[in-house]
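# Architecture and fold: a report
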Amino acid sequence: MSDSKRVLTKTYHQPLGDKLWRNFVIGIPYFWLLLFFLAPFAIVFKISFATPIVAQPPFTPLFDFTANASQWLLATWDNYRFLTEDNLYWVSYFKSIKTAAISTLICLLIGYPMAYGIARATSTTRNILLMLVILPFWTSFLLRVYAWMGLLGKNGIVNSLLMNMGLIDSPLQMLYTDMAVYLGIVYTYIPFMILPLYATLEKMDPSLHDAAADLGAKPWQTFIDVTLPLSMPGIIAGSLLVFIPAIGEYVIPALLGGIDSLMIGRTLYDEFFVNRDWPLASAVATILLIIVVIPIMLFQRSQQEQE
Amino acid sequence: MQKSSRFVFSALCFGFAFLYIPILVLIAFSFNQSAITSVWGGFSLRWYTALFNNEQIIEAALLSLKIAATSATFATILGTMAGLALTQMGRYRGRLIFTGLIAAPLVMPEVITGLSLLLMFVSLQELIGWPLSRGAGTITIAHITFSMAYVAVIVQSRLSSMDQSLQEAAMDLGGRPTQVAFDITLPLIAPSMLSGWLLAFTLSLDDLVIASFTSGAGASTLPMVIFSKIKLGVTPDINALATLIIGTVSIGIMIASWVMFRQSKRN
Amino acid sequence: MNNENTIKANQSAKPYVAETPWLDPEAVPFIQIKGLSKQFDDFSAVDNVDLNIYKGELFTILGGSGCGKSTLLRMLAGFETPNAGQIIIDGIDMANIPAYDRPINMMFQSYAVFPHMTVEQNISYGLKKDKLAKAEIATRVKDMLELVQLSELAKRKPNQLSGGQRQRVALARALIKQPKVLLLDEPLAALDKKLREQTQFELINLQYELGITFVVVTHDQEEAMTLSTRVAVMDAGKFIQIDTPTQVYESPHNRFVANFFGTINFFNATVLSTDPEAQTLTAQLEKTGTQLEAKAEGRFSASDEVTIAVRPEKISVSQERPEGDHLTITKGTVEDLAYYGNRSVYRVRSQSGRIIQVSAQNNQRSEQLVLEWDDEVYLSWDSSCNVVLSE
């Protein structure tokens, strides 16, 4: 019998400490996220029914029981009514989704070959390439968007270069256009496309290619029949990682977009900070949240399948 | 096979050029004597001196670094706990919701997170009197919230590729769950925790939208200051700032890679 | 040899002396498994099994992948909770006792040696969790290192060790806690052939010296036969036969068990008559009409359809009809032969069209094979080698 201090008796009681540890590890992050991530959405929803006033905070409470009977319900659908009536918002939502979709597609078209190339590289090259992909990400994204401002402006580098080469006579309007927004989004989000794609492609068994080739498939066919379907999890993850946040993107449309590049993130930000209309901003946010809920659930499903 | 290899190779070249040319241009023109970016006026360090004399920027930078370090540390702790909770603790009620709570911050548009957190702080203030005022503290809480999701994903990924039997062996030898966690699990996921910390630090340092929403009077982070400057157009001292940041980060990454390379050689 | 004495002195009980405790009705099993079941979703991994293992046994659970043996082992260790049934070890019910409080230790298939600790730290881990005094731990670790011959490697990290050395660390780490039961999950699977043979003997000796009850789980029938005091053959969550290696090999209960160990020949036959007193029966092989005698417990009657099983090494090949009592004789043509150096394997097509496999030791040093393809031969074996199976 080992002379351990733990003696096994006929009746066993599990020490309390084990249960506490488990509850602690699960409970604390759970509670934090419930309080600071989930609960706030409920508050946004609540305030979307308020009315803006000049006060601190700049909106009315939803119920006021001190006033007379007919006036106690201060909550109102006004904000939502305004959203549906004013064309601006419909256009913004639609434009945002369209812009995000197109940008995601471009990201995929550029990012897939890059991820593929990195996955096929030798070990040392691969690590260097990965580092090169991640490096821009570690530097300020704000400043990288700013770099494009310098490049695309009327007095910017690209225009100067083209004019000096004699290809154009007067500077092109590149900044403050939709093209610039696409460019900005693709530029910022491409690491988010490359990394999940790379992760999936890297796990693929290279002998599958050889097997297909052995059975008579040309390289292009191997790609479509074998590589593409198997990399689908990476494609889905990467696309959602770009598409969903891009819908609500603010900085890129604000810096690179024109007056007519209406993105909902910018609209929301302006309602809040410029018009100081918190309830309307909340309504905008609520609708945006409803729009992204389903893609987010798809994303969560794709993350789970990876396990 | 040759044609597709050439295609992939040129795609890689184009892609990396696309990624790096703006950065390189930025760096080049930070040394430009002229204030107009398209005209090269000669080599000069004037923008760097202007930068170091700019108190607003220096203060904002220090604040951002402070917030980044604090939020990264707490995000790593919470994110690691979340990662453990999702991979090690078996089944429990509400686990599915928990996975959603960890996945959603990764893709949630920042304007929504920012607005909702601000409204939460306002409501809390009304209800319980805290937070008294918004500023560095509320920004930090906001950053912890979204960063911990990233840390959780990194830790989760490492845990799922770890040999499960290591922890079972520790349990089998008499280790209680707390002991197994500190003796075996944490040492083995330490590198992932470090990556998570660095990622959280970067995300915090870089954040504009959420900080704008959750900040208060007098608390301006570096991105907020930069943004207010560049909204109006290109200003060369920002080039200098960008170069410094890029330079520091690049050197940091290269040192880290070199250290990791040496470590793997030793093994 | 001082080390084993030091370790033995710490045992409060001597190794079990009786040779066959499972035959002794008075003996109390050290490990009692009663009605144990475990389901995963719809799938029944372990299906209502009973098992008694006696102190000092080297017991093997043998089965193919998916048969439930690993699940059973994990339930013993405490990593899975049974859906039904009991596990009682040395009189104490293990229900609700988590793995870290059970008097059982396990050697994992992957060894699970902690990569961030040295050999010494690995081995001493369990004792540190028991909160033993530092000096005590140091002595015991030193003795254990000598026992498994790892003293020179004490300060090394696992990635600097070979597979066999890592296995010894895993073993030492578990044994140092002097558990009542040691579980071994596929202990020889990852080793190459030479190392496997060597480790087999080392394990047997170690077990005998320390007197700890070993429970081994494996899919390798050779491993099961060489190591064990008894073997339990498992399939689809149930035990098919629990016996000594000799009995499982020579007296399998059914085709499944017979097929599991080595090769075996099956003949379809009809029972002609039975002799309940002598516990024998006579049967006639189908198609050839060869008659034979066989030992059988009384559960058969005339005109029953049975299977007669005969091991290849029991069969002799000759070119003349052999003489002798109690021989079963049949004829055939040599269709294939394979030379293995120490033995030759012949595949003989009998008159019924069936292929009979014969394994003959090459006990003569001869350059020429005596038999060739298409030779007509007589196959004969002692009737005591006939095993009667009902299915």
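Residues numbered from 1 in each chain as written. Chains lettered and ligands numbered in written order. Predicted model: local features only at pLDDT ≥ 70, side-chain atom pairs only at ≥ 80, totals over all residues.

Right, let's get into the sheet that holds strand β10 (residues 238–243) of chain C. All names here are of chain C. With mixed pairing, six strands are arranged side by side in an open sheet as β6-β7-β8-β3-β9-β10. The open sheet has two edge strands with one neighbour each: β6 (104–107) and β10. Looking at each pair of strands side by side, their axes are set apart by 20° on average, direction ignored. For strand β7 (residues 181–185) and strand β8 (residues 213–218), the ladder comprises five bridges, and the chain directions are parallel. Residue pairing across strands places Leu182 opposite Phe214, the latter belonging to β8. (Pairing = 2+ DSSP bridges. Helix = DSSP H or I, 4+ residues; strand = E, 2+ residues; numbered from the N terminus. Axes fitted to C-alpha atoms, helices over the stretch in contact; angles between N-to-C directions.)

Turning to the interface of chain B and chain C, a few remarks are in order. Between chain B and chain C, the residue contacts involve 16 residues of the former and 18 residues of the latter. When residues of the side of chain B that touches chain C are traced back to their parent elements, those giving at least two are α7 (164–172) and α8 (177–206) of chain B. Looking at the side of chain B that touches chain C element by element, the count peaks at six residues for α7 of chain B. In terms of residue class, the side of chain B that touches chain C is made up of seven nonpolar, five polar and four charged. (Contact = placed C-beta atoms within 7 Å. Nonpolar A, V, L, I, M, F, W, Y, C, P; charged D, E, K, R; others polar.)

Often, the extent of an interface is quoted as the loss of accessible area upon association of its parts. Residues and elements named next belong to chain C. Its domain assignment divides chain C into domain 1 (2–103 + 179–258) and domain 2 (264–389). Between the C-alpha centres of domain 1 and domain 2 the distance comes to 35 Å. Across the side of domain 1 that touches domain 2, the residue classes break down as two nonpolar, two polar and one charged. (Domains from an automatic or database assignment.)

Residue and element names in this part refer to chain C. Sheet topology note: the strand β9 (residues 230–235)/β10 ladder contains five bridges and is antiparallel. Counted as the bridge partner of Val231 is Asp243 from β10. Between β9 and β10, which pair antiparallel in sequence order, lie two residues; one of them, Ala236, sits at a positive phi of approximately 50°.

Let us now look at the sheet that holds strand β4 (residues 84–89) of chain C. Residue and element names in this part refer to chain C. Read across the open sheet, the four strands follow the order β2-β1-β4-β5; overall the sheet is antiparallel. Pairing within the sheet leaves two strands with one partner each, and these edge strands are β2 (43–53) and β5 (92–93). Note: strand β1 (residues 31–40) against β4, five bridges, orientation antiparallel. Counted as the bridge partner of Lys34 is Gln86 from β4.

Taken together, the contacts link 68 residues of chain B with 74 residues of chain A. Of all elements in the fold, only α1 (2–30), α3 (55–87), α4 (95–107), α5 (110–128), α6 (136–160), α8, α10 (222–230) and α11 (236–266) of chain B reach the threshold of two or more residues within the side of chain B that touches chain A. Per-element tally for the side of chain B that touches chain A: the top contributor is α1 of chain B, with 14 residues. Here the residues of the side of chain B that touches chain A sort into 51 nonpolar, 14 polar and three charged.

Before going further, it helps to examine the environment of Val111 of chain B. Positionally, Val111 of chain B belongs in helix α5. Since 29 C-beta atoms lie within 10 Å of it, Val111 of chain B is described here as buried. A sequence separation of 99 residues divides Val111 of chain B from Ile210 of chain B, and the C-alpha atoms of the two residues are 6.8 Å apart. Not counting the four nearest positions on each side in its chain, Val111 of chain B is found in contact with Gly248, Tyr250, Gly265, Leu268, Tyr269 and Ala285 of chain A together with Val209 of chain B. (Buried ≥ 20, exposed ≤ 12 C-beta atoms within 10 Å, placed from the backbone.)

This part covers helix α10 (residues 232–247) of chain A. For an α-helix the count is 3.6 residues per turn, leaving residues at separations of three or four pointing the same way. Taking 1.5 Å as the rise per residue, α10 of chain A with 16 residues should run 22 Å; its terminal C-alpha atoms sit 22 Å apart, in good agreement. Within α10 of chain A, 13 of the 16 residues are buried, which leaves it mostly tucked inside the rest of the structure. (Expected span 1.5 Å × (residues − 1).)

Another point: the environment of Gln200 of chain C. Residue and element names in this part refer to chain C. Locating Gln200 in the fold gives a position in helix α6 (residues 193–210). Classification of Gln200 as partly exposed rests on a count of 17 C-beta atoms within 10 Å. Along the primary structure Gln200 and Gly64 are separated by 136 residues, whereas in three dimensions their C-alpha atoms are 20 Å apart. Those residues within four positions of Gln200 in sequence are excluded, and the remaining contacts are Leu188, Thr226 and Leu227.

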